[in-house]
Amino acid sequence: MKNQLRFGKWKFISFIILDLLCLIAANCIAVLLYLKNVSSVSMTGYYRVVIMMVAVDLAVTVSINSLDLVLRRGKSNELLSELKHIGFSFLALSAGLFALKQGRDYSRITVLMAYLFYFLLSILIRTVWKHILQKTAKKNGTAQKFLMTTDAFAEEGIAELKKSDIRPVGVLLLKNSDRDIIEDLSVSADIDEAIASICWNWVDCVYVYGIDYHLIHQSLSKACKEMNVEIKVIFSDFKVIDLKTTRYEEKEYGRLSFVEGKRDIPFPVRRAYWITETEAGLHRGFHAHKLNCQLLFCPYGKIDIILDNGKEKTTVCLNDPGKGMLLMPGLWREMVWKETGSVLCVLASEYYDPQEYIRDYDEFLASKGVIDEHTVC
Ligand code: T46
């Protein structure tokens, strides 16, 4: 409830008011159609029942948070959620009436009819209201975007979106971070807050930057699917990063470099491998990956990594144990050993699977554009 009020206060309140109006209208219809003709039941008694119905409805709305994603719920989810809401309200009202011994003063049939009309009316009115809100949002060009990224990639992700004139309405970082604002964009404290922000800010696309799609929270992808919000993974093809390195006063102590999952590596590490006992001039690689994300580093020696995105080639020299190269799928790569004995280490997101390799250059070219921007849902 806190999140709904924070991100969509007036929209949220408008849905509560609409619901109550529907409930009152449904009771009026039920009274007109049925109760008026039943002489044994007093109208005053029924007014008390309507007041209880309104109170119970508000209590149920708050306690089961039944309006949490109302703005973006799909048709079947809306029906299910409203059925649940009305089911709970009916049970709570019956229990209340029983406890207050109001049995004689109201007609059960009228109450049942009122709830049936309430169900139909609320679904109808909500659909119309959502349509109006959506139309207004589109007219004002307020369809919003949201960014999910890691601490390390946040600024870069925002800059990348800026290039396409996109300014996200909020940011969710993969791992909880101390920052609650990045470049005056509010950072969601957790997934629930992010989902509420996506829903109530009428976000139509969540951009995922610098994170392998394996790491998108399941609850987020489920909610986005439900809300018909697109998730787009933007692969920054590759990036040379500084590995955390400890240096010592005494030279003979050497250097110690390290990487930490999630903090430095934007994908789950499922495999590590290393290539040793090599001769200068060795060429390896000549393939691309369909899914595998990697962190390459060279703890000893000098190795050129030649990357080809189908349009242009870039060569990056790995010759510093304190540097690593994050490499996303979809790039053709060759490695050239510049010094004998150079060691190449790789941390990879996938288990070894020969089917996941593209080893034919023409096939690689044909696949370009398809695996560059991976639409999850
Ligand atoms: C990459 C570059 C940087 C396995 O059985 N399991 C493994 O995990 C790996 C990596 C390889 N293999 C077998 C498959 C081949 O029969 O080892 C043999 C050599 O592999 P490949 O020719 O793919 O090696 P490189 O040096 O061309 O490529 C390797 C990685 O395969 C690749 O993912 O990006 O290093």
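What counts and what doesn't
- Every chain is numbered independently, its residues counted from 1 as its sequence is written.
- For this predicted model, a pLDDT threshold of at least 70 governs which residues receive local features, and a threshold of 80 or more governs which side-chain atom pairs are given and counted, while totals over whole chains, interfaces and linings are taken from all residues.
- Only hydrogens and water are set aside; all other atoms, that is, all heavy atoms of the structure, feed into the side-chain values.
- Strand pairing follows a simple DSSP-based rule, namely that at least 2 bridges must link the two strands.
- The way it works is that DSSP assigns letters per residue, a run of H or I at least four long becomes a helix, a run of E at least two long becomes a strand, and they are numbered from the N terminus.
- As a rule, the C-alpha atoms of each element are fitted with a line to give its axis, helices using only the stretch in contact, and angles between N-to-C directions run from 0 to 180 degrees.
- Confidence scores per residue from the predictor, reported as pLDDT, run from 0 to 100.
- In this description, contact between two residues means that some pair of their heavy atoms is separated by no more than 4.5 Å.
- Only protein chains enter the calculation, and the probe is 1.4 Å; a residue is then buried if its accessible area is under 20% of its type maximum, exposed if over 50%, and partly exposed in between.
- Any pair of nitrogen or oxygen atoms within 3.5 Å is treated as a polar contact; in protein, a donor-acceptor pairing is required on top of that, and neighbouring residues in sequence qualify only through side-chain atoms on both sides.
- The criterion for an aromatic pair is that two Phe, Tyr or Trp rings (for Trp, the six-membered ring) have centres within 6.5 Å, with stacked assigned to planes under 30 degrees apart, edge-to-face to planes over 60 apart and tilted to the rest.
- Neighbouring residues are identified by heavy atoms, a residue being near a molecule or strand if any of them is within 4 Å of it.
- Areas reported here follow the Shrake-Rupley algorithm with a probe of radius 1.4 Å; residue values treat only the protein chains shown as occluding.
- Handedness of a crossing is defined here by the sense of rotation of the near helix relative to the far one, left-handed for an anticlockwise turn of less than a right angle and right-handed for a clockwise turn.
- Just so you know the grouping, Ala, Val, Leu, Ile, Met, Phe, Trp, Tyr, Cys and Pro go in nonpolar, Asp, Glu, Lys and Arg go in charged, and all remaining residues, Gly too, go in polar.
- Angles are sorted into four bins: roughly parallel if under 35 degrees, roughly antiparallel if over 145, roughly perpendicular if 65 to 115, and oblique for all others.
- Salt bridges are defined by distance alone: a side-chain nitrogen of Lys or Arg within 4 Å of a carboxyl oxygen of Asp or Glu.

Peer 1: In this structure, what is going on with the sheet that holds strand E10 (residues 271-275)? I would like to understand it.
Peer 2: For sheets, the rule is that strands pair by backbone hydrogen bonds, running either parallel or antiparallel. With antiparallel pairing, 5 strands are arranged side by side in an open sheet as E7-E15-E12-E17-E10. Two strands close off the open sheet at either side, each with one partner strand: strand E7 (238-242) and E10. Ignoring which end each strand starts from, the neighbouring axes of this sheet average 20° apart. Relative to strand E15 (residues 323-327), strand E12 (residues 294-300) runs antiparallel, the two being bridged by 3 bridges.

Peer 1: For this particular structure, what's the right way to read the confidence of the model for the protein?
Peer 2: Keep in mind that low pLDDT regions are not for reading the predicted coordinates in detail. Residues of the protein with pLDDT of at least 70 account for 90%, and the chain-wide mean is 86. Within the model, the stretch residues 370-377 combines pLDDT values under 50 with 25 contacts to residues more than four positions away or in other chains.

Peer 1: For this particular structure, what's the right way to read helix H6 (residues 191-200)?
Peer 2: Note: α-helices contain 3.6 residues per turn, so residues at a spacing of three or four share the same orientation. Of all the 10 residues making up H6, 9 are buried; the element is thus mostly covered by neighbouring parts of the structure. All of the buried residues along H6 are Ile191, Glu193, Ala194, Ile195, Ala196, Ser197, Ile198, Cys199 and Trp200. Of the surrounding elements, those touching the buried residues of H6 are helix H1 (2-33), strand E1 (144-149), strand E2 (170-173), strand E4 (185-187), strand E5 (203-209) and helix H7 (218-227). One side-chain oxygen of the residue at the start of H6 lies 3.3 Å from the amide nitrogen of Asp192, identifying that residue as Asp190.

Peer 1: Honestly, the sheet that holds strand E11 (residues 283-289) in this entry has me stumped. Any pointers?
Peer 2: Strand order in the open sheet formed by 5 strands is E14-E13-E16-E11-E18, and the pairing between neighbours is antiparallel. For this open sheet the edge positions go to strand E14 (313-318) and strand E18 (357-358), each flanked by a neighbour on one side alone. As paired elements, E11 and E18 share 2 bridges and run antiparallel to each other. Within E18, the position partnered with Ala288 by the bridge is Ile358.

Peer 1: Before we go on, may I ask you to explain the packing of aromatic side chains in this structure?
Peer 2: Aromatic ring pairs are described here by two measures, namely the spacing of the ring centres and the angle between the planes. As enumerated under the stated definition, the model contains 8 aromatic pairs in all. Residues Trp332 and Phe364 carry aromatic rings whose centres are separated by 5.5 Å and whose planes lie at 45° to one another, so their mutual orientation is tilted. Residue Trp332 is located in strand E16 (residues 332-337), and its partner Phe364 is located in helix H8 (residues 361-367); the two are separated by 32 residues in the primary sequence. Classification of Phe364 by relative accessible area gives buried; the value is 0%. By the ring-pair criterion, three or more aromatic residues cluster together here, those being Phe12, Phe15 and Trp200.

Peer 1: I tried to follow the site of the ligand on my own but got confused; where do I start?
Peer 2: Of all residues adjacent to the ligand, which total 14 residues, the nearest are Arg271, Tyr273, Arg284, His289 and Tyr357. In this structure, an oxygen atom belonging to the ligand sits 2.6 Å away from a side-chain N or O atom of Arg284. In this structure, Tyr357 approaches the ligand through a side-chain N or O atom, which is 2.6 Å from an oxygen atom. In the complex, 69% of the free accessible area of the ligand, which totals 640 Å², lies under the protein chains.

Peer 1: How do you make sense of the packing of helix H3 (residues 75-99) against helix H4 (residues 108-139) when you look at a structure like this?
Peer 2: A pair of packed helices is characterised by two quantities: the angle between their axes and the separation of those axes. In the contact formed by H3 and H4, the axes pass within 11 Å of each other and the chain directions differ by 145°. Where H3 crosses over H4, the handedness of that crossing is right-handed. Between H3 and H4, the residues in contact are Glu78, Leu79, Glu82, Leu83, His85, Ile86, Ser89, Phe90 and Leu93 and Val111, Leu112, Tyr115, Tyr118, Phe119, Ser122, Ile123, Arg126 and Lys130, respectively. Here the contact of H3 with H4 is composed, by residue class, of 11 nonpolar, 3 polar and 4 charged.

Peer 1: Please clarify how the pairing of E1 should be interpreted in this entry.
Peer 2: Note on strand geometry: in a regular strand, side chains alternate between the two faces of the sheet. Burial runs high along E1: 5 of the 6 residues are buried. Two strands pair when backbone bridges link them, and E1 and E5 are joined in this way by 5 bridges, in the parallel orientation. Paired with Lys145 across the bridge in E5 is Cys205. Bridge count between E1 and E2: 4 bridges; the pairing is parallel. Following the sheet pairing, Met148 is matched in E2 by Leu172.

Peer 1: Can you help me understand the packing of H1 against H6 in this one?
Peer 2: One way to put it is that H1 packs onto H6 with a least axis distance of 9 Å and a crossing angle of 40°. As the angle between them shows, H1 and H6 are arranged oblique. Considering the relative orientation of H1 and H6, their crossing is left-handed. Only Asp192, Glu193, Ala196, Ser197 and Trp200 of H6 make contact with H1, whose side of the interface consists of Asn3, Gln4, Arg6, Phe7, Gly8, Lys11, Phe12 and Phe15.

Peer 1: What is the right way to read the pattern of salt bridges from this model?
Peer 2: A side chain with one charge may pair with a side chain of the opposite charge, provided their charged atoms come close. According to the stated counting rule, one finds 13 salt bridges in the structure shown. Across the salt bridge formed by Asp19 and Arg126, the nearest N and O atoms sit 2.8 Å from each other. Highlighted residues: Asp19 in helix H1 and Arg126 in helix H4, separated in sequence by 107 residues. Judged by its relative accessible area of 2%, Arg126 is buried. Among the ionic pairs, Asp204 bridges to Lys145, the shortest N-O distance being 2.8 Å. Here the residue Asp204 occupies a position in strand E5, and Lys145 occupies one in strand E1, the gap between them amounting to 59 residues. Judged by its relative accessible area of 28%, Asp204 is partly exposed. Here the salt bridges share partners, and the residues they tie into one network are Asp19, Glu78, Glu82, Arg126 and Lys130.

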